[in-house]
Amino acid sequence: MDRENCLGRRGCLDFWTKENNSIITKWKSVQRVQKGNHQKDLLKQCYSEIGKLLQKIQGLPSVAATLSLELTVLYNTLLFSFGLSDHGGAGRGELLTLGLVRALEALDSEPQSSDPLDLWRAVLQISGSQEWIVCFHQLACLQWAEWLSASQLEKIRELAVLLADSRTEAFSPPADTLMAVRNISLSIEENPSLSVALSAGDLRELLCICTVVTQGAEMMEAGEVSAALLNFQEAAALPCPRSVLAQVHTLMGLCLRQLAVVCSAQKESCCNWIHLITHESLLCSPSLISTFKTPAVLGVKHSLAQSNLRYGRISEAVEQYLDLLTSFHNDEQLVTTDSSPALPRIPEIYLEAAVSLLKAKRYWDVVAVCEEVVAKTVDLIPQRLTLDLSQKELQETSAAFLVPSLCGKQFRKDTEGKKESLNCALWAATAFFFQGQAFTWLKESKESISNYTRCINIVIKVPVEHTGGPDLCEETLTSIMALRRLKALAFAGRGVSFMARQQGKEALLNFQLSLQATPGCEETELWLTEALWSLGRREEAVAFWSKHQSSTREETVEEVPQRALPLYLMSSVGEMETVDAEEMRRRMRECSS
């Protein structure tokens, strides 16, 4: 009889697993193509079907063999419940509690209390196999969501403490909710045989930022405006949907506005006093004045786009940059000498947009955006642009790839015309470089080589000579460093394209020129070794490899110069195709043994 029950349950398990997966597949397939009422109707249908499946499973006694399935179906049911405004509140809490009680029964443990925290404590202590831990952690995220929707931050803190790694003796539960949330250690690997409507990893990212925002809002209500502002600044750096990020920035603005009100109140309270010297007379630098100006709409859009690019929210960055480019296309000139504090030069915004498109793998769009920059700048570059540096400056810019940037140094300005020509050279060269990268990924090696060559030809037009001329301003020195970095990247990129065309000699020469421009790039060293190997010069490859692997790698071009580079060059570093370092090590070991 027991064997018959076991076989019957096994059959049910397979059938119910297929039913769960079918519902989730239907939801995901239609979710991508339908919106509005059609999607809402499907959501209601899926919620009804998954709810009935859960009832069938819970109609039998809970056993360990079906626990993973039951917990997964419960997780999906609760997810759909959150999506429907008329299904929630007490119903979700009861379902969660019932699920935990049945889980304990399946693991031969008697529930000692109906309090959710007591149940979680008991479940996590006896969670057993990795498969069950994943399921429990999925449900823990929904418990977190349930309490967050009710602003029960203290319960979230206690749950976070239970989920944190408390195995070490030195562990002490943090008193702050955010600190506790940071310490959460979740197993979010999905069971490939059981489909879920939303991954626990994606849900956790949303929960983290919403917890930060909720605690910040409570701080604002309690009058702790400065602490709330710090919360919102932290939230702005977390992965999140664009709509949530907009709310975060709005809350940051409200915090700053309240702090301005405090300053006004303090000013009014002491208005009868006459001060010989005030902070207003001291804090009047152009940068501060521009900071406190009401920002233009385009400035705010650009700030959001830059933030998304820096923190890796690429789809949002692409959308915002393309929106900006649309605004510029008909109403603004691409090259303008008006250096507005709220907005950088327009070619730089185009190049930042190109980087975001490159990261989004929209390579033909990269080519089109960069063509706009080339069309407006390349004709403004003189045949030769010589920059005069003193001997000391020449040494400092050469060493700037090995030491911190030249912050704080004061230089006399060079002529505006030469500076603008230098800017155009940097913008056009960068545009050709990005087009080279795009064609590399499109496997159009001939086009990529052509564009890398155009980039190099522009950079070569800007020699730096020691002629005893006037000192250059820091902005010009930074541009020189950026051009030097660009030269190394273009040679390396052209070398990769030559490798794709099996032109090993040309590739080797380009990798050597890249390292000559900026020594110490590990990725280029790997490619140079690969080029030697492909040419059959294996002893040289092993010798070069051994030399550079055994040397102590100090802070070099890959780390330090990025602090001085513009955002579009900082963000593009690392977009080159890479060499399989492990395979390289294996070959080197075999050849040298």
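Model, not experiment: these values are computed from the prediction. Within each chain, residue numbers correspond to sequence positions counted from 1 in written order. Local features in a predicted model are, by the rule used here, given only for residues with pLDDT of at least 70; side-chain atom pairs are given and counted only at 80 or more, and totals for whole chains, interfaces and linings are based on all residues. Side-chain measures were taken over the full set of non-hydrogen atoms in the model, leaving aside hydrogen atoms and water.

(A) The overall build of the chain, seen in detail. Helical segments are the DSSP runs of H or I of at least four residues, strand segments are the runs of E of at least two, and each set is numbered from the N terminus. Within the chain, the regular secondary structure consists of 26 helices and two strands. Buried, partly exposed and exposed residues are distinguished by accessible area as a fraction of the type maximum, computed with a 1.4 Å probe on protein chains only: under 20%, between the cut-offs, and over 50%, respectively. When the 593 residues of the chain are sorted by exposure, 45% land in the buried category. The contacts in the chain between residues at least 6 apart in sequence include a share of 70% that link residues at least 24 apart. Total accessible area on the chain stands at roughly 30600 Å², and carbon and sulfur atoms take up 53% of it. Throughout, a residue-residue contact means that at least one pair of heavy atoms, one from each residue, lies within 4.5 Å. Every accessible area reported is derived by Shrake-Rupley at a probe size of 1.4 Å, with residue values counting cover from the shown protein chains alone.

(B) Structural context of unusual backbone geometry. Not every positive phi belongs to a glycine, and aspartate 108 is a case in point at roughly 60°. Tracing the chain through its elements places aspartate 108 in the loop between helix 4 (90-106) and helix 5 (116-125). If you check the backbone angles, lysine 361 has positive phi at about 65° while not being a glycine. Of note, lysine 361 is situated in the loop between helix 16 (346-359) and helix 17 (363-377).

(C) Molecular detail of the packing of helix 5 against helix 7 (residues 153-163). To obtain an axis, a line is fitted to C-alpha atoms, over the contacting stretch when the element is a helix, and the angle between two such axes runs from 0 to 180 degrees between their N-to-C directions. Close contact between helix 5 and helix 7 brings their axes to 10 Å; oriented N to C, the two are set at 10°. Between helix 5 and helix 7, the angle falls in the class roughly parallel. Residues Leu117, Trp120, Arg121 and Leu124 of helix 5 touch helix 7, and the partners they reach there are Lys155, Glu158, Leu159, Leu162 and Leu163. Any residue that is not Ala, Val, Leu, Ile, Met, Phe, Trp, Tyr, Cys, Pro, Asp, Glu, Lys or Arg is counted as polar, Gly included; the first ten are nonpolar and the last four charged. Its residues placed into classes, the contact of helix 5 with helix 7 shows six nonpolar, no polar and three charged. Between 65 and 115 degrees an angle is taken as roughly perpendicular, under 35 as roughly parallel, over 145 as roughly antiparallel, and anywhere else as oblique.

(D) Region of interest: helix 21 (residues 474-500). Given a helix with a known number of residues, its expected span is that number minus one, times 1.5 Å. Counted at 1.5 Å a residue, the expected span for helix 21 with its 27 residues is 39 Å, and the 39 Å between its end C-alpha atoms agrees. Most of helix 21 sits inside the fold, with 21 of its 27 residues counted as buried. Residue glutamine 502 follows helix 21 closely and has a positive phi angle near 60°.

(E) Looking closely at the environment of leucine 535. Position of leucine 535 relative to the elements: it lies in the loop between helix 23 (522-534) and helix 24 (538-550). Given the relative accessible area of 29%, leucine 535 is considered partly exposed. Among all residues touching leucine 535, those that are not within four sequence positions of it are Gly504, Lys505 and Leu508.

(F) Spatial organisation of the environment of valine 196. Inspection of the secondary structure puts valine 196 in the loop between helix 8 (177-182) and helix 9 (200-221). Separated by 171 residues in the primary sequence, valine 196 and threonine 25 have C-alpha atoms spaced 9.0 Å apart. Leave out the neighbours within four places in its chain, and valine 196 touches Ile24, Lys28, Thr72, Tyr75, Asn76, Gln138 and Glu190.

(G) Layout of the nonpolar core. With 63 residues, the main nonpolar core has Leu67, Tyr75, Phe80, Phe136, Leu139 and Trp144 as its most contacted residues. Looking at this core, the element that brings in the most residues is helix 6 (residues 130-149), giving eleven residues. With residues near it in sequence (within four places) discarded, tyrosine 75 still touches Gln138, Leu139, Leu142, Val196, Leu198, Ser199, Ala200 and Leu203. Here, the term nonpolar core denotes a set of buried Ala, Val, Leu, Ile, Met, Phe, Trp, Tyr and Cys residues that are joined through side-chain atoms within 4.5 Å. Counting 57 residues, the second-largest nonpolar core is a separate cluster that includes Leu309, Cys370, Ala428 and Leu486.

(H) Representation of the side chain of serine 479 within the structure. With respect to the secondary-structure elements, serine 479 resides in helix 21. With sequence-adjacent residues up to four places away left out, serine 479 is seen in contact with Leu422, Asn423 and Leu426.

(I) Structural detail: the pattern of salt bridges. Basic side-chain nitrogens of Lys or Arg form a salt bridge, by our definition, when they fall within 4 Å of a carboxyl oxygen of Asp or Glu. Summed over all chains, the structure comprises 13 salt bridges. A salt bridge links arginine 121 to aspartate 118, with the shortest nitrogen-to-oxygen separation between them at 3.0 Å. Here arginine 121 pairs with aspartate 118, and both are found in helix 5, just three residues apart, close to one helical turn. The class for arginine 121 is partly exposed, based on a relative accessible area of 33%. Judged by relative accessible area, aspartate 118 falls into the partly exposed class, the value being 35%. With its nearest N and O atoms 2.9 Å apart, the salt bridge here joins glutamate 540 to arginine 537. Look at the salt bridges and you will find they share partners, linking Glu530, Glu583, Arg586 and Arg587 into a network.

By themselves, these figures tell us nothing about what the structure is for.
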